[in-house]
Amino acid sequence: MGGFFGVVSDGDCVCDLFYGTDYHSHLGTKRGGMAVCDGENRITRRIHDITNAQFRSKFDDDLGKFGGHAGIGVISDYEDQPLIISSKFGSYSIATVSKINNINELASEAFDRGITHFSESSSSGELNPTEVAAMLINQKDSIVEGIKYAQSRIDGSLSVLVLMNGSVFAARDRYGRTPVLIGEKTGSYAAAMESTSFPNLGYKLKHELGPGEIVEITRKGVIQKQVPGDTMKLCTFFWVYYGYPSSCYEGINTESARYRNGESMAADDQGQLDEIDSVCGIPDSGVAHAIGYSNAAGKPYRRSFVKYTPTWPRSFMPQNQAVRDLVARMKLIPVRDEISGKRMLFCDDSIVRGTQMRDTVVRLYELGAKAVHMRSACPPLVFGCKFLNFSRSRSELDLAARRAIARLEKVEEPTDEMIQKYLVYNSPEYIAMVDGVRRELNLTTLKYQSLEKLIKSIGIDPDKVCTYCWNGRDVEK
Ligand code: SF4
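All of these numbers come straight from a predicted model, not from anything done at the bench. Residue numbers restart at each chain and count upward from 1, following the sequence in its written direction. At least 70 in pLDDT is required for a residue's local features to be given in this predicted model, at least 80 for side-chain atom pairs to be given and counted, and no such filter applies to totals for whole chains, interfaces and linings, which use all residues.

Caption draft 1: Spatial organisation of the overall build of the chain. Labels follow the DSSP assignment, with helices taken as runs of H or I lasting at least four residues and strands as runs of E lasting at least two, numbered in each case from the N terminus. Of regular secondary structure, the chain possesses 15 helices and 23 strands. The globule rule used here is 2.2 Å times the number of residues to the 0.38 power, and the radius of gyration it is set against is calculated over C-alpha atoms. Here the chain has a C-alpha radius of gyration of 23 Å; the compact-globule value for 477 residues is 23 Å, and the two agree. A pair of residues counts as a contact when their C-beta atoms, built from backbone coordinates, are within 7 Å of each other. In the chain, 69% of the contacts between residues at least 6 apart in sequence involve partners at least 24 apart.

Rendered as structure tokens:
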């Protein structure tokens, strides 16, 4: 998905920019980039490959080359960025968190209008989404009008930072799919996707941008350039999986929401699972849900798997799925004494393809587990996400729940009409689908958290969050 951080400061901004960007490393795995603007709008920019190294280690040697009062940084899951764009507005640097489903149509339109080329395409010819966003921005008379235009044309989502003339423009996606927060400390302002980047750098949360809101951050303050829209569809997955435990969105902390969610799942199981010996979380994403479950159920929390953090400190995601599965296995090490002879209940954030979970369950039985119960912190994933880029495979055909529906319907690919009845929580079809996944994964029992209880655990107005991947519903346009 990616994440960004921007800063404008009375002093030199580089230290805050470096660490602030680094605090977004859990959101992307491919590229890290920083751009800093000096007093004469000269932009220094570096981009590094971070697929197999930490952002900080790659940028350490560059820090002395940067200097200035304003900068933007990005951790990107796909394209090279930030880009430097020469435009009628002058030179600017741009970083985005986006998904552009209609990228080829937008490029074709641009060619028809006489734009001759895009220079940032990958070796396989894929367009750079940040460059396409800049192309749209450049069509209007100001950066702000350009961002609004780009957001109106893009099918998907677009949150953006633009660095120009010592200011940073920060814009949140028009439906607020991804968060953008403004922090403040004496002499500095910052814009971030993760509020977790603020406290250690001394920033206090000043404002959370609303959907479609645009601000310009200067050394004098934060100026609103576009008021927020009425409709928000913030990705619910920030609380389920993506968000860092210390981050808050809409004032709601992710770690606390996950505890409440675990407690809610435990309440659902009350009196039914007295036999379990321990509650475990699949590291790292299942841990907080499992702690919540354990505390509410009065069953001990145990680390039956530990993550090998010394050499797998970050979420390394190779592009090849087979290598990705191998890496996932290498990172998790079972603790035999906590498994052998035990009846365990595991919590995980979600079940996507189920491949890694199936492998985990096989290992648990090989190590002598007597029973393996699984609780997913969110409902079955049935629809692929259309709004954010994910490094985890979310192809619809791969989704474990969708495959179970296909087997029950005896078809290769179920139609949307067929799927509807499986979406009704605890309907006979829903129960059959869940049992299909349970059997495929060889679990003793399997339950998914209901959408209603997940949103209640988060504690947010259901109209303000995106739930498309679970129920196929989105903004009515
Ligand atoms: S479809 Fe799912 S993953 Fe995508 S934005 Fe909506 S809630 Fe998030």
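Here the narrative resumes, following the displayed structure.
Caption draft 2: Region of the structure containing the sheet that holds strand β20 (residues 343-348). Here, a strand pair is defined by DSSP locating no fewer than two bridges between the strands. Spatially, four strands are ordered β17-β20-β21-β22 in an open sheet, and the strand pairing comes out parallel. Edge positions in the sheet fall to β17 (278-281) and β22 (445-448), since each has one partner strand and no second. Across the sheet, the mean angle separating the axes of adjacent strands is 20 degrees when strand polarity is ignored. Structural elements are reduced to axes, namely lines fitted to C-alpha atoms, with helices fitted over the stretch in contact, and the angle between N-to-C directions of any two is expressed from 0 to 180 degrees.

Caption draft 3: Examining helix α1 (residues 14-22) more closely. Counting other C-beta atoms within 10 Å of a residue's C-beta gives its exposure: the residue is buried at 20 or more, exposed at 12 or fewer, and partly exposed in between, where C-beta atoms are placed from the backbone. Three or more residues of α1 are buried, namely Val14, Asp16, Leu17, Phe18, Gly20 and Thr21. Turning to α1, the residues buried within the fold contact β1 (3-9), β2 (31-37), α2 (55-59), β4 (70-76) and β10 (188-192).

Caption draft 4: Quick look at helix α8 (residues 287-297). Burial analysis of α8 places eight of its eleven residues in the buried class, the great majority of the element. The complete set of buried residues in α8 reads Val287, Ala288, His289, Ala290, Gly292, Tyr293, Ser294 and Ala297. Along its buried surface, α8 packs onto α7 (254-268), β17, β20 and β21 (371-376). Note on α8: the residue one or two positions beyond its end, glycine 298, has a positive phi of about 70 degrees.

Caption draft 5: Quick look at the sheet that holds β1. Reading across from one edge, β3-β2-β4-β1-β10-β9-β11 is the order of the seven strands in this open sheet, with antiparallel pairing throughout. Of all the strands in the sheet, the pair left with one neighbour each is β3 (43-49) and β11 (204-208). Neighbouring strand axes in the sheet, compared pairwise and without regard to direction, differ in orientation by 15 degrees on average. Bridge count for β2 against β3 is seven bridges, and the pairing is antiparallel. Looking at the pairing, methionine 34 lines up with arginine 46 of β3.

Caption draft 6: Layout of the site of the ligand. Defining nearness, a residue is near a molecule or strand when the C-beta atom obtained from its backbone falls within 6 Å of it. Neighbouring the ligand are Arg177, Cys235, Thr236, Phe237, Cys385, Phe387, Leu388, Cys466, Thr467, Tyr468 and Cys469. Residues are sorted three ways: Asp, Glu, Lys and Arg are charged, Ala, Val, Leu, Ile, Met, Phe, Trp, Tyr, Cys and Pro are nonpolar, and all the rest, Gly among them, are polar. Of the residues assigned to the shell around the ligand, the class counts are eight nonpolar, two polar and one charged.

Caption draft 7: Spatial organisation of the packing of helix α11 (residues 400-409) against helix α13 (residues 428-441). At their nearest, the axes of α11 and α13 sit 8 Å apart, and the two run at 110 degrees to each other. By the angle between their directions, the pair α11 and α13 is classed as roughly perpendicular. Listed contacts from α13 to Ala400, Ala401, Ala404, Ile405, Arg407 and Leu408 of α11 are Ala432, Met433, Gly436, Val437 and Glu440. Within the contact of α11 with α13, the residues separate by chemical class into eight nonpolar, one polar and two charged. Roughly parallel here means an angle under 35 degrees, roughly antiparallel means over 145, roughly perpendicular means 65 to 115, and every remaining angle is called oblique.

Caption draft 8: Fine view of the pairing of β21. Judged by how many residues are buried, β21 sits mostly within the fold: five of six residues are covered. Across six bridges, β20 lies against β21 in parallel orientation. Within β21, the residue paired with aspartate 348 across the bridge is serine 376. Of the strand pairs in this sheet, β21 and β22 are connected by four bridges, and their pairing is parallel. For methionine 374, the partnering residue across the bridge sits in β22 and is leucine 446.

Caption draft 9: Spatial organisation of the nonpolar core. If you look at the biggest cluster of nonpolar residues, it comprises 134 residues, and the most contacted ones within it are Leu161, Leu163, Val168 and Ala170. All domain edges in this entry derive from an automatic or database-based domain assignment. Two domains each put at least three residues into this core: domain 1 (3-232) and domain 2 (253-471). Each nonpolar core consists of buried Ala, Val, Leu, Ile, Met, Phe, Trp, Tyr and Cys residues. Their C-beta atoms, within 7 Å, join them into a set.

Caption draft 10: Representation of the environment of alanine 171 in the model. Here alanine 171 lies in strand β8 (residues 167-171). Exposure remark for alanine 171: the 28 C-beta atoms within 10 Å place this residue in the buried category. Residues alanine 171 and leucine 181 lie ten residues apart in sequence; the distance between their C-alpha atoms is 9.9 Å. Not counting the four nearest positions on each side in its chain, alanine 171 is found in contact with Ile147, Ser159, Val160 and Ile214.

Caption draft 11: Examining the pairing of β2 more closely. In terms of burial, β2 is largely enclosed, as seven of its seven residues are buried. With burial as the criterion, each face of β2 is covered, one bearing Arg31, Gly33, Ala35 and Cys37 and the other bearing Gly32, Met34 and Val36. In textbook terms, the turn of a hairpin is the stretch between consecutive antiparallel strands, and for β2 and β3 this stretch comprises five residues, one of which, asparagine 41, has a positive phi near 60 degrees.

Caption draft 12: View of unusual backbone geometry. The step from glutamine 81 to proline 82 runs through a cis peptide bond, and the omega angle for that step is 5 degrees. Mapped onto the elements of the fold, proline 82 is located in the loop between β4 and β5 (83-87). Geometrically, the link from proline 283 to aspartate 284 is a cis peptide bond, its omega value of -15 degrees lying close to zero. Inspection of the secondary structure puts aspartate 284 in the loop between β17 and α8. The phi angle at asparagine 41 is positive, at roughly 60 degrees, despite the residue not being glycine. Structurally, asparagine 41 is set in the loop between β2 and β3. Positive phi outside glycine occurs at asparagine 165, with the angle close to 50 degrees. By secondary structure assignment, the location of asparagine 165 is in the loop between β7 (156-164) and β8. We classify asparagine 165 as partly exposed; it has 15 C-beta atoms within 10 Å.

Caption draft 13: Inspection of the environment of lysine 99 at higher detail. Mapping lysine 99 onto the fold places it in strand β6 (residues 90-100). Taking the C-alpha atoms as reference, lysine 99 lies 32 Å from glycine 436; in sequence the two are 337 residues apart. Sequence-distant contacts of lysine 99, defined by excluding residues within four places in its chain, comprise Gly156, Ser157, Phe387, Leu388 and Asn389.

Caption draft 14: Quick look at the environment of glutamate 452. By secondary structure assignment, the location of glutamate 452 is in helix α14 (residues 451-458). On the basis of neighbour count, glutamate 452 is assigned to the exposed category, with 12 C-beta atoms found within 10 Å.

Shape is all these values report; function is a separate question.
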